[in-house]
Amino acid sequence: MSATPTLTVPQVPLGRTGLTVGRLALGTVKFGRTEGVKYPEPFELPDDEALATLLDTAHDLGINLLDTAPAYGSSEKRLGQLLAGERDRWLLCTKVGERFEGGESSYDFSASAVARSVTRSLEALRVDRLDLVLIHSDGDDLTILESHRTLDVLLALKGDGLIRAVGMSHKTLAGGERAIELGADVLMTTYNRQDTSMAPLLARCAQAGVGVLIKKALASGHDGARALAEVANTPGADCIVVGTINPAHLRANAALVADNP
Ligand code: NAP
């Protein structure tokens, strides 16, 4: 068991999804992938014991959302193993559209690829239903939304009961706006000290009842932890997904989010 923490992060509704999330969530790229990442320092994948301790610490701090993806190497599979028996503690967010194999990303946003990806994620995570599935954009948001109609495919899988809420981890303002128009429940949006260009979109999400997950709040580790306070104070930044494999960093991040509600 982890030590008793002295704080927990605030709990907030994630738009109109009906899901309640801690304002800080845990990104799990570093649970499963070391290649092709933009972090400032090289790192080793933590062993299972270290990850179990990290997850216990996260739970104690009031964190309940884990963000993963098929493109994060072994992250989904490791979470499936580590969370066995503790499923009720967690909301799991995964993605479709990107895979990462042999050191390279490949993308497929077709309906058949999306359906296969969801099936693989259900198996890897050992669940009957995914809480949240986002399109993992390659940057060409409008083509994904308008030509591949990938959000429609996710909405249909939600209708089938395989997913509770759907959306897009987008890269462009126009893509985020179009995803809202097409019925996204949630957007995952980059917002940090160096890139505040999505501020108008955060306001639109709040008006539309679309939940927001912030990615790269620390500019993938290029900003110091204090920068999290500014992101936490940004209107519309519902839930901030910070990637870490360091329990001390996790506690520091939770304290900053708790102090800046
Ligand atoms: P981030 O959360 O901005 O930064 C993570 C980096 O910051 C890690 O290297 C981490 O290192 C470091 N860090 C965290 N807390 C710290 C602290 N208190 N003090 C010092 N360093 C600290 O960037 P990110 O991981 O790129 O993005 C966050 C999450 O968003 C990802 O894990 C992923 O779930 C999601 N994401 C999604 C997409 C997409 O869908 N396209 C893209 C990027 C990210 P330590 O491990 O040493 O703490």
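This section reports on the structure supplied with the text. Bear in mind the structure is a predicted one, so any value in this text is a computation, not a measurement. Here the residue numbers are simple positions, counted from 1 along each chain's written sequence. Note on the predicted model: pLDDT of at least 70 is required for a residue's local features to be given, and 80 or more for side-chain atom pairs to be given and counted; whole-chain, interface and lining totals, by contrast, use all residues. Hydrogens and waters are ignored; side-chain quantities use all the structure's heavy atoms.

**A short note on the side chain of Asp141**
Defined as follows: Helix and strand definitions here come from DSSP, where helices need a minimum of 4 consecutive H or I residues and strands a minimum of 2 consecutive E residues; each element is numbered from the N-terminal end. Only protein chains enter the area calculation, which uses a 1.4 Å probe; residues under 20% of their type maximum are buried, those over 50% are exposed, and those in between are partly exposed. Positive residues here are Lys and Arg, negative ones are Asp and Glu, while His and the chain termini are left out of the count. Salt bridges are defined by distance alone: a side-chain nitrogen of Lys or Arg within 4 Å of a carboxyl oxygen of Asp or Glu. Working rule for contacts: check all heavy atoms of both residues, and any pair within 4.5 Å makes them a contact.
Relative to the helices and strands, Asp141 resides in helix H5 (residues 141-146). No salt bridge is formed by the buried Asp141. Its closest oppositely charged neighbour is Lys215, at 7.5 Å. Beyond its immediate sequence surroundings of up to four residues, Asp141 is in contact with Met168, His170, Lys171, Thr172, Gly175 and Gly176.

**Details of unusual backbone geometry**
Positive phi is not limited to glycine here, since Arg126 has a value of about 60°. Within the fold, Arg126 resides in the loop between helix H4 (111-125) and strand S8 (130-136). What makes Arg126 exposed here is its relative accessible area of 52%. A positive phi is found at Ser220, a non-glycine position, where the angle reads about 55°. Looking at the element boundaries, Ser220 is found in the loop between strand S11 (211-215) and helix H9 (227-232). Since its relative accessible area comes to 19%, Ser220 is described here as buried.

**So, the nonpolar core**
Quick reminder of the rule: Residues belong to one nonpolar core when they are buried, are Ala, Val, Leu, Ile, Met, Phe, Trp, Tyr or Cys, and are joined through side-chain atoms within 4.5 Å.
Counting residues in hydrophobic clusters, the biggest one holds 62 residues, and the most contacted among them are Leu26, Leu55, Ile63, Leu154, Leu187, Ile214 and Ile240. Setting aside its immediate chain neighbours within four residues, Ile63 contacts Val9, Leu24, Ala25, Leu26, Ala58, Trp90 and Leu250. In terms of nonpolar packing, the next biggest core, distinct from the first, is built from 16 residues, Val21, Leu91, Ala165 and Val241 among them.

**Details of the environment of Thr20**
Looking at the element boundaries, Thr20 is found in strand S2 (residues 20-22). When the C-alpha atoms of Thr20 and Leu65 are compared, they prove to be 9.3 Å apart, with 45 residues separating the residues in sequence. Excluding residues within four positions of it along the chain, Thr20 makes contact with Gln11, Val12, Pro13, Asn64 and Leu91.

**Focus: the site of the ligand**
Basically, it comes down to this: Working definition: residue near molecule or strand if any one of its non-hydrogen atoms lies within 4 Å of it. Two N or O atoms form a polar contact when they lie within 3.5 Å of each other; inside protein one atom must be a possible hydrogen donor and the other a possible acceptor, and for residues adjacent in sequence the pair counts only when both atoms belong to side chains. Only the protein chains shown count as covering a residue, and every accessible area follows the Shrake-Rupley method with a 1.4 Å probe. Grid spacing is 1 Å over the protein atoms alone, the probe is 1.4 Å, and a cavity is where that probe fits but cannot get out, while a pocket is an open set with protein on both sides within 12 Å along at least five of seven lines and lining residues have an atom within 4 Å of a point. A molecule is said to be in a cavity or pocket once over half of its atoms fall within 2 Å of that pocket's grid points.
Around the ligand sit 27 residues, and of these Tyr39, Asp67, Ser169, Thr244 and His249 come closest. With respect to the ligand, the backbone of Ala219 contributes an N or O atom lying 3.4 Å from an oxygen atom. For the ligand, the protein covers 88% of the area, taking 890 Å² as the surface of the free molecule. In this structure, the ligand is accommodated by the largest pocket. Among the secondary structure elements, those contributing two or more residues to the shell around the ligand are helix H1 (29-32), strand S12 (239-243) and helix H10 (247-259). If one sorts the elements of the shell around the ligand by residue count, S12 sits on top with three residues.

**Topic: the packing of aromatic side chains**
This is how it is decided: Ring pairs are drawn from Phe, Tyr and Trp, using the six-membered ring of Trp, whenever the two centres fall within 6.5 Å, and their geometry is named by plane angle: stacked under 30 degrees, edge-to-face over 60, tilted for the rest. Here, a charge over a ring is recorded when the distance from Lys NZ or Arg CZ to the ring centre is within 6 Å and its angle to the ring normal is within 35 degrees.
Within this structure, the stated rule accounts for two aromatic pairs. Considering the side-chain rings of Tyr39 and Phe43, the 6.0 Å spacing of their centres and the 75° angle between planes classify their relative orientation as edge-to-face. The exposure class of Phe43 is buried, given its relative accessible area of 17%. Summarising the aromatic geometry, the rings of Tyr107 and Phe109 are spaced 6.1 Å apart at their centres and angled 20° between planes, so their arrangement reads as stacked. Of note, Arg33 hangs over the ring of Phe100, and the distance from its end group to the ring centre comes to 3.5 Å.

**Description of the layout of surface pockets**
Our working rule: Grid points are joined across faces, edges and corners, and a volume is the space filled by probe spheres set on the points. When residue character is reported, Ala, Val, Leu, Ile, Met, Phe, Trp, Tyr, Cys and Pro are called nonpolar, Asp, Glu, Lys and Arg charged, and the others, Gly included, polar.
If you add up the space inside the largest pocket, you get close to 1100 Å³. Residue lining of the largest pocket: 40 residues in total, with Val29, Lys38, Tyr39, Lys216 and Ser220 positioned closest to the centre. Those elements giving two or more residues to the lining of the largest pocket turn out to be H1, strand S7 (104-107), S12 and H10. Within the lining of the largest pocket, the residues separate by chemical class into 16 nonpolar, 14 polar and 10 charged. If you add up the space inside the second largest pocket, you get close to 210 Å³. Taken together, 13 residues line the second largest pocket, and the ones lying closest to its centre are Pro70, Gly73, Glu76, Arg99 and Arg120. Breaking the lining of the second largest pocket down by element, the ones donating at least two residues are helix H3 (75-82), strand S6 (98-101) and H4. Considering every element that reaches the lining of the second largest pocket, the biggest residue donor is H4, with five residues. The class makeup of the residues in the lining of the second largest pocket is three nonpolar, four polar and six charged.

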